Amino acid sequence: MELFLQFLSNTGFYLTDYRYLIMMAVGCTFVYLAIAKEYEPLLLLPIGFGVIVGNIPFFKGFGLGIYESNSVLHYLYFGVTTGLYPSIVFLGLGAMTDFSSLLIRPKLMLLGAAAQMGIYFTLLSALALGFMPKEAGSIAIIGGADGPTSIFLTAKLAPHLIGPVAIAAYSYMALIPIIQPPIMRLLTTKEERLIRMPDVERTVSRKELLLFPVIGVVLCCYLAPASIPLLGPFFFGNLMKVSGVVDRLAKTAASSIIDTATIFLGFTVGASTQGDVFLTPKSVGIFLLGAVAFSIATASGVLFAKLMNLFMKNKINPLLGAAGVSAVPGSAREVHLQGQKEDPSNYLLMHAMACNSSGVIGSAICAGILWSFMV
Amino acid sequence: MYGLEAINAHNGWAMAITGAIIVMTGLTVLSTIISQLHRIIDFMENRKSKKAKTETPQEQPPVKEIQSAATALSNLGDRVDRLCLMTTDAGDSFDLITLHQLFIQNDDPHPHLTIRSLREQGYLVPTGEGRFTWKR
């Protein structure tokens, strides 16, 4: 009987408390959203299941938990804390990105820069709320709407916040269809949403496609060397894709490699949200600030597009500004859908993808800048 | 520490403004470069092709085997009968322009020199009003 009671005291049923149960509910919600609503399933499913696994209570000291050295989860989590997974994800992302639309419409790159203003506004807000500068920088990067970038910077600046920052970043990326449309509609008129983007009758040459990753990596990394771990693999992946001489490598980077990194990244980030560590007032603050960051990033892009229209002969559809956040391709898809709601024959997707891909570059530069400010 | 006091204490304004300016400048420069990239490539390619054109010798038109003027004129007497037949359709008398055009149509070399030699050697006899006939 004593043995049975001892066994019972080591089970999850005995050790659980309300915090684990709350996080379990969060994990189940993520899994539900991924499967039933198909909201960013590639991210939410591994994260959601990771949250469930990470919040199964266990007897401390057995080397089971993600924060216990020598545990399997701890080893897998190593890729997160060192910034390894984000770099690998960027390699695959580069191998998947087609910069043709950006090369045809380079001025749309400015919208990718404008949407990063949310990061700096959130930096100020986080400092004002009492977060330390390194924590504030990690929270601010959520405004870039780029999960791997957020994880990378947080791993460097405030590793204790990886869980909440990653969950916030990925949650808001998944919630793009809910967060962005009201902001887009609020800041634009019907006439502006109806603006058609002129077609550019120019084909991008292979030489342009080859030169872009080289120029991009040199310029961006000279400007913010701390962004090398992200932009280096990103542009390398793109060069592999456009070179056409290493198709096998490019395809592997764009499929098996990025998928493997995404699985481990999502699962271990989810598992890192143990209720006793995760459910703190700080996490709630991070979630709130993340929402502010994402909203301001969207608004900055839209308002900057309107500002550009004051000086341009060929007007830009200001909805495109919302795609300046780097949530690829969710925000571009949302911009396209909003444009089609007003005019079903208005195709904004390719233009929005141009803003989106420049947003990826912009948020990685911001991460590099913030890192270099804080060290 | 909270609020503006915290932002000031941690140099927040400077970080935010500088960071925003850096990312804006960086992407503006990158977009300017890529907007001119195709022009630069076109320029380089044009320069290259021009250079290649000047370096490779220009294709010469196929050289016609032209009889030398001396050879053509040395046996003028032997050619007169053929020339007479050539001008049959032009009538008994003809002007020199017509004769010149017939020479060109028949690919006869050195039409001007030949006509001049025919005149000088008396094979072509003026009939008046700028017309000529063959010496019988």
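Thresholds applied
Residues numbered from 1 in each chain as written. Chains lettered and ligands numbered in written order. Predicted model: local features only at pLDDT ≥ 70, side-chain atom pairs only at ≥ 80, totals over all residues. Helix = DSSP H or I, 4+ residues; strand = E, 2+ residues; numbered from the N terminus. Buried ≥ 20, exposed ≤ 12 C-beta atoms within 10 Å, placed from the backbone. Rg over C-alpha atoms; globule rule 2.2 N^0.38 Å. Contact = placed C-beta atoms within 7 Å. Axes fitted to C-alpha atoms, helices over the stretch in contact; angles between N-to-C directions. Parallel < 35°, antiparallel > 145°, perpendicular 65-115°, else oblique. Nonpolar A, V, L, I, M, F, W, Y, C, P; charged D, E, K, R; others polar. Core = buried A, V, L, I, M, F, W, Y, C linked by C-beta atoms within 7 Å. Domains from an automatic or database assignment. Pairing = 2+ DSSP bridges. Expected span 1.5 Å × (residues − 1). Left-handed = near helix turned anticlockwise from the far one by under 90°.

### A word on the overall build of chain B
Alright, step 1. Within chain B, the secondary structure is distributed over six helices and three strands.
Alright, step 2. Beginning at the N terminus, the succession of helices and strands in chain B can be written as α-α-α-α-β-α-α-β-β.
Alright, step 3. In chain B, which comprises 136 residues, the share counted as buried stands at 15%.

### Some details on the overall build of chain A
Alright, step 1. The number of helices and strands found in chain A is 21 helices and zero strands.
Alright, step 2. A compact globule built from 375 residues should have a C-alpha radius of gyration of about 21 Å, and chain A, at 21 Å, falls within 12% of that.
Alright, step 3. Its C-alpha atoms put chain A at 85 × 45 × 40 Å along the principal axes.
Alright, step 4. Burial statistics for chain A: of 375 residues in total, 57% are counted as buried.
Alright, step 5. Look at the contacts in chain A between residues 6 or more apart in sequence, and 75% of them connect residues 24 or more apart.

### Side note on the packing of helix 11 (residues 147–157) of chain A against helix 21 (residues 349–374) of chain A
Helix-helix packing is characterised by the crossing angle of the two axes and by the distance between the axes.
All names here are of chain A.
Alright, step 1. Running from amino to carboxyl end, helix 11 crosses helix 21 at an angle of 10°, the nearest separation of the two axes being 10 Å. One element, helix 11, and the other, helix 21, form an angle in the roughly parallel class. Contacts from Thr-149, Phe-152, Leu-153, Lys-156 and Leu-157 in helix 11 reach Ser-363, Ala-364, Ala-367, Leu-370, Trp-371 and Met-374 in helix 21.
Alright, step 2. The class makeup of the residues in the contact of helix 11 with helix 21 is eight nonpolar, two polar and one charged.

### Let's talk about the nonpolar core
Alright, step 1. By size, the foremost hydrophobic cluster in this structure holds 141 residues, and its most contacted members are Leu-123, Ala-140, Ile-142 and Leu-320 of chain A.
Alright, step 2. Among the elements that line this core, the one with the most residues is helix 21 of chain A, at 14 residues.
Alright, step 3. Excluding residues that lie within four positions of it along the chain, Leu-123 of chain A makes contacts with Ala-136, Gly-137 and Ala-140 of chain A together with Gly-12, Met-15 and Ala-16 of chain B.

### Regarding the domain arrangement of chain B
Alright, step 1. Segmentation of chain B into domains returns domain 1 (3–55) and domain 2 (69–134).
Alright, step 2. Its C-alpha centre places domain 1 of chain B at a distance of 76 Å from the equivalent point of domain 2 of chain B.

### A word on the interface of chain B and chain A
Alright, step 1. At the interface, 27 residues of chain B touch 36 residues of chain A.
Alright, step 2. Those elements that place two or more of their residues in the side of chain B that touches chain A are helix 1 (3–9) and helix 2 (12–55) of chain B.
Alright, step 3. Here the side of chain B that touches chain A takes 20 residues from helix 2 of chain B, the largest share from any one element.
Alright, step 4. Here the side of chain B that touches chain A is composed, by residue class, of 18 nonpolar, nine polar and no charged.

### Some thoughts on the pairing of strand 2 (residues 124–128) of chain B
Residues and elements named next belong to chain B.
Alright, step 1. Bridge count between strand 2 and strand 3 (residues 131–134): four bridges; the pairing is antiparallel. Across the sheet, residue Pro-126 finds its bridge partner in strand 3, namely Phe-132.
Alright, step 2. Hairpin remark: strand 2 followed by strand 3, antiparallel, with two residues in the connecting loop; positive phi at Glu-129, about 55°.

### Quick word on helix 20 (residues 330–342) of chain A
All names here are of chain A.
Alright, step 1. Compared with the 18 Å implied by 1.5 Å per residue over 13 residues, the 19 Å span of helix 20 between its first and last C-alpha is a close match.
Alright, step 2. Of all the positions in helix 20, only Gly-330, Ser-331, Ala-332, Glu-334, Val-335, His-336, Gln-338 and Gly-339 are classed as buried.
Alright, step 3. Each element contacted by the buried residues of helix 20 is listed here: helix 12 (162–174), helix 13 (176–187), helix 14 (190–193) and helix 21.

### Quick word on the environment of Leu-187 of chain A
All names here are of chain A.
Alright, step 1. Relative to the elements of secondary structure, Leu-187 occurs in helix 13.
Alright, step 2. In the structure, Leu-187 is positioned 112 residues away from Ala-299 in sequence and 7.5 Å away in space, judged by C-alpha atoms.
Alright, step 3. If we ignore the near neighbours within four places in the chain, the residues touching Leu-187 are Ala-299, Val-302 and Leu-303.

### Quick look at the environment of Leu-103 of chain A
Alright, step 1. Secondary-structure assignment places Leu-103 of chain A in helix 7 (residues 100–104).
Alright, step 2. Those residues in contact with Leu-103 of chain A that sit more than four places away from it in its chain are Val-204, Glu-208 and Phe-212 of chain A together with Ile-34 of chain B.

### What about the sheet that holds strand 1 (residues 94–95) of chain B?
Residue and element names in this part refer to chain B.
Alright, step 1. A sheet is described by the order of its strands in space; here three strands give the open sequence 1-3-2, paired in antiparallel fashion. Across the chains shown, the open sheet's two edge strands, defined by having one partner strand only, are strand 1 and strand 2.
Alright, step 2. Note: strand 1 against strand 3, two bridges, orientation antiparallel. In the sheet register, Phe-94 faces strand 3, and the bridge partner there is Phe-132.

### Re unusual backbone geometry
Residues and elements named next belong to chain A.
Alright, step 1. Each neighbour pair has its own omega, and for Val-328 with Pro-329 the value is -10°, a cis peptide bond.
Alright, step 2. Mapped onto the elements, Pro-329 comes out in the loop between helix 19 (281–311) and helix 20.
Alright, step 3. Within the chain, Glu-38 stands out as a residue other than glycine whose phi angle is a positive 55°.
Alright, step 4. Within the secondary structure, Glu-38 sits in the loop between helix 3 (18–37) and helix 4 (41–54).
Alright, step 5. Notably, Glu-40 is not glycine yet its phi reads approximately 40°, a positive angle.
Alright, step 6. Summarising the element assignment, Glu-40 is placed in the loop between helix 3 and helix 4.
Alright, step 7. For Glu-40, a count of 22 C-beta atoms within 10 Å puts it in the buried group.

### Description of the packing of helix 9 (residues 117–128) of chain A against helix 10 (residues 133–140) of chain A
All names here are of chain A.
Alright, step 1. In contact at an axis separation of 8 Å, helix 9 and helix 10 are set at 140° when each is read in the N-to-C sense. Taken together, the axes of helix 9 and helix 10 lie oblique to each other. Crossing hand, helix 9 versus helix 10: right-handed. In this structure, helix 9 uses Ile-119, Tyr-120, Thr-122, Leu-123, Ala-126 and Leu-127 to contact helix 10, whose residues at the interface are Pro-133, Glu-135, Ala-136, Gly-137, Ile-139 and Ala-140.
Alright, step 2. Each residue belonging to the contact of helix 9 with helix 10 can be placed in one class, and the counts come to nine nonpolar, two polar and one charged.

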